Amino acid sequence: MDVARGLPRVGFVRLECPKALVDSKGILGRLRAKGYDISDSFDGAELVIVNTCGFIEPAVEESLGAIEEALAENGNVIVTVCLGTKAHDLRQRFPRLLAVTDPHVPDDVMQAVHHALPSVHEPFESLRPAGGIKLTSRHYAYIKIAEGCNHRCTFCIIHSLRGRLVSRPIADVLPETDALVSAGESPEIDGVVRLTNPGALPIDDWARVRITDSDSHDLTARVI
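Computed from a predicted structure; not experimentally measured.

Notes on the overall build of the protein
Looking only at helices and strands, one finds six helices and 10 strands in the protein. Counting every position in the protein, which comprises 224 residues, the buried fraction comes to 46%. Partitioning the intrachain contacts of the protein with sequence separation of at least 6 by distance along the chain shows that 63% fall at a separation of at least 24. In the form shown here, the protein has an accessible surface area of approximately 11,400 Å², with 54% of it arising from carbon and sulfur atoms.

What follows is the structure, given as structure tokens:
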């Protein structure tokens, strides 16, 4: 508990690539809007969320180590994002976990937090900054416009961690982008395995945009 402000405190451990950073930003923004204090350590935290990475074996081992540490130091632990797709395996290894939530169902992590640690008040959602919680330097921010991948490359596990490709509607992406640009940031279209319709993005109106992780088949001359 944050005694000074009377808010329940959630520790947040981030082990992430830019794709998962966007997930962290969304979770942290919702926690703040719902009346939780956020800490990047276990000190004073009544619950800990571990945002895991499962892309390569060293990242998996680091995530498992972070879960073990959180359980030892705090005991009330929720695991989410990449390793959240391995709920059965995690629960067998760590039966004390409060919850393991799938990255495709962002509401689940909030429900798990509310169940274990109810918030003390409901502040207005509009009090959250238009650009959300900042996890990057001021001059840039990541935007996720799609999730998953339809390819089955043997060297990549994105399709098994994130499922088939699902694109966000352009009507959802543009307000988020406009808010970031208005705040003086340059959008980076990141964490996207396949940019399905780059021509629909109003990139001519943006001072700078960087597109990463896109399928080369989708890069038109205009986007390049």
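Looking at the pattern of salt bridges
The final tally for this structure, using the stated rule, is three salt bridges. Here Asp37 and Arg9 are joined by a salt bridge, their closest N and O atoms 2.8 Å apart. Of this pair, Asp37 sits in strand β2 (residues 37–39) while Arg9 sits in strand β1 (residues 9–14), and the two are 28 residues apart along the sequence. Arg93 is the partner of Glu68 in a salt bridge, and the nearest nitrogen-oxygen pair spans 3.4 Å. Residue Glu68 is located in helix α2 (residues 57–73), and its partner Arg93 is located in helix α3 (residues 87–93); the two are separated by 25 residues in the primary sequence. We classify Arg93 as partly exposed; its relative accessible area is 46%.

Looking at α2
Side chains of residues three or four places apart in an α-helix project in the same direction, reflecting 3.6 residues per turn. Across its 17 residues, α2 extends 24 Å between first and last C-alpha, which sits within 8% of the 24 Å expected from 1.5 Å per residue. Turning to α2, its buried residues are Ala59, Val60, Ser63, Leu64, Ala66, Ile67, Ala70 and Leu71. Looking straight down α2, one finds its buried side chains confined to an arc of 155°; they lie on one side. Among the exposed residues of α2, those pointing more than 90 degrees away from its buried face are Pro58, Ala72 and Glu73. Buried residues along α2 sit against β1, β3 (47–52), β4 (77–81) and α3. At the C-terminal side of α2, Gly75 shows a positive phi close to 100°.

Procedures and definitions
Residues numbered from 1 in each chain as written. Predicted model: local features only at pLDDT ≥ 70, side-chain atom pairs only at ≥ 80, totals over all residues. Heavy atoms only, no water. Helix = DSSP H or I, 4+ residues; strand = E, 2+ residues; numbered from the N terminus. Buried < 20%, exposed > 50% of the residue type's maximum accessible area, 1.4 Å probe, protein only. Contact = heavy atoms within 4.5 Å. Areas by Shrake-Rupley, 256 points an atom, 1.4 Å probe, with all protein chains shown as cover. Salt bridge = Lys/Arg side-chain N within 4 Å of Asp/Glu carboxyl O. Expected span 1.5 Å × (residues − 1). Arc of directions from axis to C-beta.

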